[in-house]
Amino acid sequence: MEIAVVGVGYVGLAVGLIFGEMGHQVTFYDCDKEKLEGLKQGIMPLYEPGMSELLNELLALGRIKTAMDEQNTYRNKAMIAVCVGTPSTESGETDLTSYWQVIEEAAKAANQEFILLIKSTVPIGTGNQTATYLQEHAKDKSMVVNNPEFLSQGTALMDMRKADRIIIGTVDKQAAAIMSAFYAPLSRPMLFTDNLGAELIKYGSNGFLAVKLSYINEIAKLCMHYGADIKEVAAGIGMDHRIGHGYMKAGCGYGGSCLPKDTHSLIYQAAKQGYELKSVKAADAVNEEQKLILLKQARIQMQGFDQKRIAILGVAFKANTDDLRCSPAVLNIKIMIAEGAEVVVYDPQAAAKLQASYPLIKRCESIEEGLRAADACFIFTEWESIQQLKRKDFARAMKQVLIYDERHCLDKHEFARNELYTIG
Ligand SMILES: NC(=O)c1ccc[n+]([C@@H]2O[C@H](COP(=O)([O-])OP(=O)(O)OC[C@H]3O[C@@H](n4cnc5c(N)ncnc54)[C@H](O)[C@@H]3O)[C@@H](O)[C@H]2O)c1
Ligand SMILES: O=c1ccn([C@@H]2O[C@H](COP(=O)(O)OP(=O)(O)O[C@H]3O[C@H](CO)[C@@H](O)[C@H](O)[C@H]3O)[C@@H](O)[C@H]2O)c(=O)[nH]1
């Protein structure tokens, strides 16, 4: 099938590369032409494990093209996958400017029947509005399918190949049949629903994950009070098959481009229906507090951050990505700098991006260099190389062993009580 993938961010690239791997002809398009120029030469605009290799493999097979204009993007395509960003505004409302721009362009330029595949996360009702718009502006040419994406950054390709479920949201029987055949080679469970159902499944899933994580984070705070170990407590709770072990790692809360944005959007959308979504609001409030628990503790223990050298290990919002969007590390670093700290950052993928936005930050090429002569160390991202660290690695480099491990990376049994602090 000839497919256009519009928006080459974390989702667009994963979608395009997996569709290419499935044997389809993929044309990438983005308003950022630099990204497209790079892609053409096999250069990834972002870091995601396995993508660079797959891109170059598919380029060599001739399955990937890039288009520099709308005509080459939308003409002669049987499917148009919309993967542009849908950020939330201050109020929580979703900004759909990019999304509608793509729909309008597609309606104008498409010259044959196509499936409009909505991969971007869009507010409930957007699929139906899109169908109405395309009915008027691309008559008899289009079928709208909400096919929300559930990949997580860092494992994007595998999450698509081994998806827990593929949701096909459409009222068009022909489109449902096409999508069923399209995804059949992946042999994953499929659920067919209408557009509204698919949109609610996407927001409902992220809302649920946020609630689950904030719940275990609150139990972690109780553990702090009692002196219990949250890792053991979470393991025991998760052994109940109705609860499970996923999304049970307590720490400095959820960041990234999705959970914060999608929970805010869900709360906003519910409020517009006159409904207060109390559980998700509570999860959001817990998450806000969670990000600063250890900073507040450190501020007291260190008698302020002024003129203290603080080593930061990991700034990405999670391991195996270079993404800094809503990263708890960034918020903490900004506060430390404002309070006079000298901040030294190590992150194998995201440090350069951070330094570009905050030139006051010193970037290190190695963990050892970051820890050298530090008064304290904060761990914000569970990179493999950070999880492997031992007490001696800190002891030989730092002024003293004082670690705030926001992600439970280290083995607490190696450290004295006043050397290592965690949330729970
Ligand atoms: N990142 C994730 O893990 C993830 C997972 C599932 C769903 N989603 C959803 O997928 C969508 C994309 O997320 P992302 O993280 O890939 O975003 P991103 O910011 O990484 O990428 C979006 C891309 O769209 C491009 N773009 C913006 N406006 C455009 C336009 N008018 N025409 C062409 N290109 C345009 C941008 O230049 C950018 O390259 C969002 O709706 C998000 O909520 C994201
Ligand atoms: O047990 C856990 C799991 C996650 N997190 C944090 O939660 C945030 C989000 O993590 P994760 O869900 O793994 O990453 P995302 O790439 O943001 O993926 C989420 O958001 C995507 C966009 O909607 C969805 O597609 C995915 O299903 C959903 O997991 C990160 O800050 C993690 O550190 C924890 O603190 N503890």
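Residues numbered from 1 in each chain as written. Chains lettered and ligands numbered in written order. Predicted model: local features only at pLDDT ≥ 70, side-chain atom pairs only at ≥ 80, totals over all residues. Heavy atoms only, no water.

As recorded in an unreviewed UniProt entry, the chain goes by UDP-glucose 6-dehydrogenase and comes from Dielma fastidiosa. Under the Pathway (unreviewed entry) heading, UniProt states for the chain: "Nucleotide-sugar biosynthesis; UDP-alpha-D-glucuronate biosynthesis; UDP-alpha-D-glucuronate from UDP-alpha-D-glucose: step 1/1." In the Sequence similarities (unreviewed entry) part of its UniProt record, the chain is described as follows: "Belongs to the UDP-glucose/GDP-mannose dehydrogenase family." (UniProt positions renumbered as here; feature names shortened; annotations may be inferred.)

So, about the environment of M302. Locating M302 in the fold gives a position in the loop between α13 (293-301) and β9 (309-313). Distance in space between the C-alpha atoms of M302 and L402 is 9.6 Å, their sequence separation being 100 residues. Excluding its chain neighbours within four sequence positions, the residues that come into contact with M302 are K308, I310, D375, A376, L402 and Y404. (Helix = DSSP H or I, 4+ residues; strand = E, 2+ residues; numbered from the N terminus. Contact = heavy atoms within 4.5 Å.)

What follows deals with the packing of helix α5 (residues 97-109) against helix α6 (residues 126-137). Packing of α5 against α6 brings their axes to within 10 Å, and their N-to-C directions diverge by 30°. Looking at the two axes, α5 sits roughly parallel to α6. Along this stretch, α5 crosses α6, giving a crossing that reads as right-handed. On α6, the residues that touch Y99, W100, I103, E104 and A107 of α5 are T126, Q129, T130, Y133, L134 and H137. When the residues that make up the contact of α5 with α6 are grouped by side-chain class, the tally is 6 nonpolar, 4 polar and 1 charged. (Axes fitted to C-alpha atoms, helices over the stretch in contact; angles between N-to-C directions. Parallel < 35°, antiparallel > 145°, perpendicular 65-115°, else oblique. Left-handed = near helix turned anticlockwise from the far one by under 90°. Nonpolar A, V, L, I, M, F, W, Y, C, P; charged D, E, K, R; others polar.)

Quick look at the site of ligand 2 now. Around ligand 2, the surrounding shell holds 21 residues, and the nearest of these are F150, L151, N206, Y247 and C258. The side chain of Y247 places a nitrogen or oxygen atom 2.2 Å from an oxygen atom of ligand 2. A distance of 2.9 Å separates an oxygen atom of ligand 2 from a polar backbone atom of G255. Burial of ligand 2 by the protein chains amounts to 90% of its free accessible area of 690 Å². (Near = heavy atom within 4 Å. Polar contact = N/O pair within 3.5 Å; in protein donor to acceptor, adjacent residues only side chain to side chain. Areas by Shrake-Rupley, 256 points an atom, 1.4 Å probe, with all protein chains shown as cover.)

Further remarks concern the domain arrangement of the chain. By a frequent convention, interface size equals the accessible area lost on bringing the separate parts together. If you check the domain split of the chain, you get domain 1 (2-193), domain 2 (202-290) and domain 3 (293-422). Just the C-alpha atoms count here: the centres of domain 1 and domain 2 sit 29 Å apart. Taken together, the contact between domain 1 and domain 2 spans 16 residues of the former and 10 residues of the latter. For the pairing of domain 1 and domain 2, the buried interface totals around 1000 Å² over both sides, and the portion due to carbon and sulfur atoms is 54%. Along the contact surface separating domain 1 from domain 2 lie 0 salt bridges. Applying the counting rule to domain 1 against domain 2 returns 6 residue pairs in polar contact (both at pLDDT 80 or more). Of the residues contributing to the side of domain 1 that touches domain 2, the split by class is 6 nonpolar, 7 polar and 3 charged. (Domains from an automatic or database assignment. Buried area = accessible area lost by both parts, 1.4 Å probe. Salt bridge = Lys/Arg side-chain N within 4 Å of Asp/Glu carboxyl O.)

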